[in-house]
Amino acid sequence: MLEIKNLHVQLEEEDKKILKGVNLSLDPGKVHAIMGPNGSGKSTLSYVLSGKKGYEVTSGSAHLEGNDLLVMDPEERAAAGLFLAFQYPVEIPGVGNMTFLRSAVNSQRKLRGEPEMTAGDFLKAVRDKAKHLKIDSDMLKRPVNVGFSGGEKKRNEILQMAMLEPKMCILDETDSGLDVDAMKLVAEGVNALRDKKRTFLVITHYQRLLDHIKPDIVHIMAAGRIIKSGGPELALEVENNGYAKLLEESS
Amino acid sequence: MGIEMNNVDVKDGVDADTVEAVRALSSTYKYGWNTEIEMEYAPKGLSEDIVRLISSKNNEPEWMLDWRLSAYRRWLELKEPNWAMVDYPSIDFQDQYYYARPKSMVEKPKSLDDVDPKLLETYKKLGIPLKEQALLAGVEAPEGERKVAVDAVFDSVSVGTTFQAELKKAGVIFCSFSEAVKDYPELVKKYLGSVVPVSDNYYATLNSAVFSDGSFVYIPEGVRCPMELSTYFRINAENTGQFERTLIIADKGSYVSYLEGCTAPKRDVAQLHAAVVELVILDDAEIKYSTVQNWYPGDENGKGGIYNFVTKRADCRGNRSKVMWTQVETGSAVTWKYPSCILRGNESQGEFYSIAIANNMQQADTGTKMVHLGKNTKSRIVSKGISAGKAQNTYRGLVSMHPKAKDSRNFTQCDSLLIGDKCGAHTVPYIEVKNNSSRVEHEATTSKVDDDQLFYCRSRGMGEEDAVALVVNGFCKEVLQALPMEFAMEAQQLVAISLEGSVG
Ligand SMILES: Nc1ncnc2c1ncn2[C@@H]1O[C@H](COP(=O)(O)OP(=O)(O)OP(=O)(O)O)[C@@H](O)[C@H]1O
Ligand SMILES: [Mg+2]
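Now for a description of the structure that goes with this document. Not measured: the values here are computed from a predicted model. Every chain is numbered independently, its residues counted from 1 as its sequence is written. Starting at A for chains and at 1 for ligands, labels are handed out in the order in which the entities are written. Local features in this predicted model are restricted to residues of pLDDT 70 or higher, and side-chain atom pairs are both shown and tallied only at a pLDDT of 80 or more, whereas totals for entire chains, interfaces and linings draw on every residue. To obtain the side-chain values, all non-hydrogen atoms of the structure were used and water was disregarded.

Here we come to the overall build of chain A. Helix and strand definitions here come from DSSP, where helices need a minimum of 4 consecutive H or I residues and strands a minimum of 2 consecutive E residues; each element is numbered from the N-terminal end. In terms of helices and strands, chain A carries ten helices and twelve strands. The globule rule is 2.2 Å times the number of residues to the power 0.38, and the radius of gyration it is compared with is taken over C-alpha atoms. For chain A, the C-alpha radius of gyration of 18 Å lies close to 18 Å, the compact-globule estimate for 251 residues. Judged by the C-alpha coordinates and their principal axes, chain A covers about 55 × 40 × 35 Å. The long-range fraction of contacts in chain A, counting pairs at least 24 apart against all pairs at least 6 apart in sequence, stands at 69%. When the accessible surface of chain A is split by element, carbon and sulfur atoms take 49% of a total near 11300 Å². The contact criterion used throughout is that any non-hydrogen atoms of two residues lie within 4.5 Å. Surface exposure here means Shrake-Rupley accessible area, sampled with a 1.4 Å probe, where a residue is shielded only by the protein chains that are shown.

So, in structure tokens, the structure goes:
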């Protein structure tokens, strides 16, 4: 599904290297988790994959189902099936959440040459998915993320994901800021989307999310590199012992 | 201004795509085509004879001519104002036509069926069918409930007015200004110039001398106008100014919603448009006046376009009278326009909602005046200025509380949005409070279209321009909501179109 090879990334504005040779290979239907200390480059990786400006790829590659992601515009990547649930979702004043969602769904369809979703079908789908995430109709009417609590913003990201049905979902710390119940809702939202064809890359600091969304593979990222990969037990090790030992081993 | 710049040098570092995007922009003005039609012109230039000629073309009575002539003499003594933050080559008032009408309009057609098909076709192409059906701008009205009556003004004359008979049944008068002078002289005499006096300002005085046509509306006491009224202005002729006059009188306890739209072909030479709009609102009456101004803005180098110098004023003469101005200003090379409210009646209310978009080389200096004279008067100003390209956008607003305007309130919110770093936004508020029981609140913000917002939209699948349009429409939401539904949809699309090429 997603193949990242030897990805080196630095900031465009200053000579600061952030990713220093990331290799990841994600198969369809799998859930991968990335953990790692603050500032190790996890969000940067997700931004570079989704096409945010300001980063320069100095070498390496990233392919989604064989298509070179790095030459595509962000909207083309989205239409190709890539989705990023943001660590810090952005507020858009004056734009209704529903309007935004509809525009997103139909823009992607248009880019893929598919017919637009009718207003009726769209409404039905949103209401249904919102209900599962306990997002009430008021939140659907309000402007995108404006005045949403931290947890509401994260749930809203999952709602977008559920509506867009991407093939490759990247979740950047979707669990942080969630209370116990909200975490369960979000995990259920993700699990409901799990199937043989869909791949997840879950960035998190905490084992507790991984209790709900069971990963197939866990990667540890430090200083712009994946320093270790393993099974779910690797997350437990981090939870119990922190990163010190892992960092030592790798250097 | 860089006027003669046909060949843009592609500098190092400016990629070809950007240049292409900017070039493509000049073709995004959808209404830039021209109608080939035989026209009759008054001789070029301005003189007393031209004023007399315009008056005689309209078969006007003596009093109307005298009114024009006194305006003309006054105008000769006035100086062109220069306080606005706009910069344009000086206008040669002798180098243009003041009157142009299609030859087929020399004999005014008896009904819409007799109007020259070329003219009917023109309005159809603009999305304004001059048929009596409940349609505007291609937007279908729900269940045929909402009808819109249209007065279509083409260069210097009104081509026709729809639904007149049906309106008449309700007692509403809706006709061209020239007809009103003939058919309702008492009303015209009583109210013309009573809101915007002949000597009000340079352009209003010019208009008073040479106005050729326009729309007239009278809503009798207690009548709620059964449909929306609208005037669509089209400038077609070259080197011709359009000077129209609108007079709307809402008698006691009446209500009307009025819409105004305007477009012009692409021409290399700038053209002048100087209109006057007077609204008279008596006790307990209400007027909603909405404008979608989409005159040709000139090309990306500032060549051509309409110079739009407009005086619009509402006189809330009656107690508890109300007016609401809503404007979406996307076109024109230069906009100089301050729809105002004179809150004379006690407890009268004035509202002003504005979106002004300036892209490329456009310059907009627009705002409002809220003059509180009566007790317990209220006003509200919501202005959204959007600048892109190399455009300059100024909000200029006056709020004045007179000594007798006890316990009055104003709230002003003035937001500017910048797209790119070569454009400018300016806010110039004037506030005068001459009593101690009134309150004036002013809030102003300036922001940039945020890259993170655009990236967020794009990461969800929206193209860059769609993302900008979405964010900008969100920024303008309060004003868009103030528009009648059909116009709101049109305005949203217009916002998107006028910003095409502003990013990337
Ligand atoms: N636009 C930027 N300008 C300056 N520094 C940046 C920028 N983007 C990322 N960085 C730096 O790159 C490093 C990696 O940041 P990134 O956000 O990817 O870390 P992270 O692993 O997601 O951390 P966290 O766990 O705290 O979310 C940090 O040192 C950060 O300050
Ligand atoms: Mg992060």
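Past the structure itself, the notes keep going.
Another aspect to go through is the site of ligand 1. Residues and elements named next belong to chain A. Summary of the distance rule: residues count as near a molecule or strand when at least one heavy atom falls within 4 Å of that molecule or strand. In the vicinity of ligand 1, 15 residues are found, and the nearest of them are Gly-39, Lys-42, Ser-43, Thr-44 and His-205. By the criterion applied in these results, polar contacts are pairs of N or O atoms within 3.5 Å in which, for protein atoms, one can donate a hydrogen and the other can accept it, and in which residues neighboring in sequence qualify only through two side-chain atoms. One of the side-chain nitrogen or oxygen atoms of Glu-173 is found 3.3 Å away from an oxygen atom of ligand 1. At 2.9 Å, a side-chain N or O of His-205 approaches an oxygen atom of ligand 1. The protein chains hide 66% of the 640 Å² of surface that ligand 1 would expose on its own. At three residues, helix H1 (residues 42-50) tops the list of elements feeding residues into the shell around ligand 1.

Looking now at the sheet that holds strand E9 (residues 168-172) of chain A. Residues and elements named next belong to chain A. Ordered in space as E6-E9-E10-E3-E11-E12, the six strands form an open sheet in which the pairing is mixed. The sheet is open, and its two edges are formed by strand E6 (82-85) and strand E12 (225-230), each paired on a single side. Ignoring which end each strand starts from, the neighbouring axes of this sheet average 20° apart. For two strands to be treated as a pair, DSSP must find at least two bridges joining them. Taken together, the five bridges between E9 and strand E10 (residues 199-203) define a ladder with parallel strand orientation. If you follow Ile-170 over to E10, its bridge partner there is Leu-201. Lines fitted to C-alpha atoms define the axes here, with helix axes fitted over just the stretch in contact, and angles between the N-to-C directions of these axes take values from 0 to 180 degrees. Across the sheet, helix H6 (residues 150-164) is in contact with E6, E9 and E10; its angle to E6 comes to roughly 165°.

Glancing now at the nonpolar core. Residues and elements named next belong to chain B. Definition used in this section: a nonpolar core is a set of buried Ala, Val, Leu, Ile, Met, Phe, Trp, Tyr and Cys residues joined via side-chain atoms within 4.5 Å. Note on classification: 1.4 Å probe, protein chains only; a residue is buried when its accessible area is under 20% of the maximum for its type, exposed when over 50%, partly exposed between these limits. Ranked by size, the top nonpolar core spans 188 residues in total, and within it Phe-216, Ile-386 and Val-472 carry the most contacts. Per-element accounting of this core gives the leading share, seven residues, to helix H3 (residues 62-77). The contact partners of Phe-216, leaving out residues within four places of it in the chain, are Ile-173, Phe-174, Cys-175, Ser-176, Phe-177, Ala-180, Leu-187, Val-188, Leu-247 and Ile-249. Residues Phe-163, Cys-225, Ala-250 and Met-401 belong to the second largest nonpolar core, which totals 34 residues.

All names here are of chain B. One speaks of a salt bridge when a side-chain nitrogen belonging to Lys or Arg is within 4 Å of a carboxyl oxygen belonging to Asp or Glu. Applying the stated criterion to the full structure yields 34 salt bridges over all chains. Here Glu-60 and Arg-68 are joined by a salt bridge, their closest N and O atoms 2.7 Å apart. Residues Glu-60 and Arg-68 agree in their burial class; the two are buried. For Arg-74, the salt bridge goes to Glu-77, with nearest N and O atoms at 3.2 Å. Taken together, the positions of Arg-74 and Glu-77, both in helix H3 and three residues apart, correspond to about one turn of that helix. Under the relative-accessibility criterion, Glu-77 is labelled exposed at 58%.

This brings us to the interface of chain A and chain B. Residue-level contacts link 31 residues of chain A with 17 residues of chain B. Roughly 2000 Å² is buried in total at the junction of chain A and chain B, and carbon and sulfur atoms are behind 62% of that figure. Two parts placed together each lose some accessible area under a 1.4 Å probe, and adding up what both lose gives the buried area. On the chain A side of the interface with chain B, the three residues burying the most area are A:Glu75, A:Phe86 and A:Val90, jointly 24% of the side's total. If you look at where chain A meets chain B, you find five salt bridges. B:Arg458 is the partner of A:Asp73 in a salt bridge, and the nearest nitrogen-oxygen pair spans 3.8 Å. Connecting chain A to chain B are ten residue pairs in polar contact (both at pLDDT 80 or more). Of all elements in the fold, only H1, helix H2 (74-79), E6, strand E7 (92-96), helix H3 (97-111) and H6 of chain A reach the threshold of two or more residues within the side of chain A that touches chain B. Among the elements that line the side of chain A that touches chain B, the one with the most residues is H3(A), at six residues. In this classification, Asp, Glu, Lys and Arg are treated as charged, Ala, Val, Leu, Ile, Met, Phe, Trp, Tyr, Cys and Pro as nonpolar, and every other residue, Gly included, as polar. Of the residues belonging to the side of chain A that touches chain B, the class tally is 17 nonpolar, eight polar and six charged.

What follows is about the coordination of the magnesium ion (ligand 2). The expected angle between donors at a tetrahedral four-coordinate metal is 109.5 degrees. At an octahedral six-coordinate metal it is 90 or 180 degrees. Those donors, A:Ser43 (OG) and A:Gln87 (OE1), are the protein atoms that reach the magnesium ion (ligand 2), and they lie 2.0 to 2.2 Å from it. Of this pair, A:Ser43 sits in helix H1 while A:Gln87 sits in the loop between E6 and E7; the two residues are 44 residues apart in sequence, bridging distant segments of the chain. Here the term donor refers to an N, O or S atom within 2.8 Å of the metal (or 3.2 Å for Na, K and Ca), and because water is left out of the atoms, sites may appear incomplete.

Residue and element names in this part refer to chain B. Among the eight residues of strand E14 (residues 286-293), six are classified as buried, and the element is accordingly described as predominantly covered. The pairing of strand E11 (residues 255-263) with E14 spans eight bridges and is parallel. Following the sheet pairing, Ser-257 is matched in E14 by Lys-288. When E14 meets strand E16 (residues 322-329), the two strands line up parallel, connected through eight bridges. The residue of E16 that forms the bridge with Gln-293 is Glu-329.

With that settled, consider empty space enclosed by the protein. All names here are of chain B. Any residue with an atom within 4 Å of a point lines the site, the site being either a cavity, points on a 1 Å grid over the protein atoms alone where a 1.4 Å probe fits but cannot get out, or a pocket, an open set with protein on both sides within 12 Å along at least 5 of 7 lines. Grid points are joined across faces, edges and corners, and a volume is the space filled by probe spheres set on the points. Enumeration according to the criterion identifies seven cavities of 30 Å³ or more in this entry. Size it by volume and the second largest cavity reaches roughly 110 Å³. Along its surface, the second largest cavity is lined by 18 residues, and Ser-383, Gly-385, Asn-393, Thr-394 and Tyr-395 are the ones closest to its centre. The set of elements that each furnish at least two residues to the lining of the second largest cavity consists of strand E19 (349-358), strand E20 (363-372), strand E21 (378-387), strand E22 (392-401), strand E23 (409-418) and strand E24 (424-433). Of the residues that constitute the lining of the second largest cavity, the class distribution is five nonpolar, eleven polar and two charged.

Residues and elements named next belong to chain A. Of all the positions in helix H9 (residues 233-241), only Leu-234, Ala-235 and Val-238 are classed as buried. Taken around the axis of H9, the buried residues stretch over an arc of 105°, which confines them to a single face. More than 90 degrees from the buried face of H9, the exposed residues found are Glu-233, Asn-240 and Asn-241. Taken together, the buried residues of H9 touch strand E3 (31-35), helix H8 (207-212), strand E11 (217-222), E12 and helix H10 (244-250). Regarding the arc, it is the one traced by the directions from the helix axis to the C-beta atoms.

This part is about helix H8 (residues 202-210) of chain B. Residue and element names in this part refer to chain B. Across the nine residues that make up H8, a large majority, nine, are buried. Those residues of H8 that fall on the buried side of the exposure criterion are Tyr-202, Tyr-203, Ala-204, Thr-205, Leu-206, Asn-207, Ser-208, Ala-209 and Val-210. Here H8 starts with a cap whose side-chain oxygen sits 3.0 Å from the backbone nitrogen of Tyr-203, and that cap is Asn-201.

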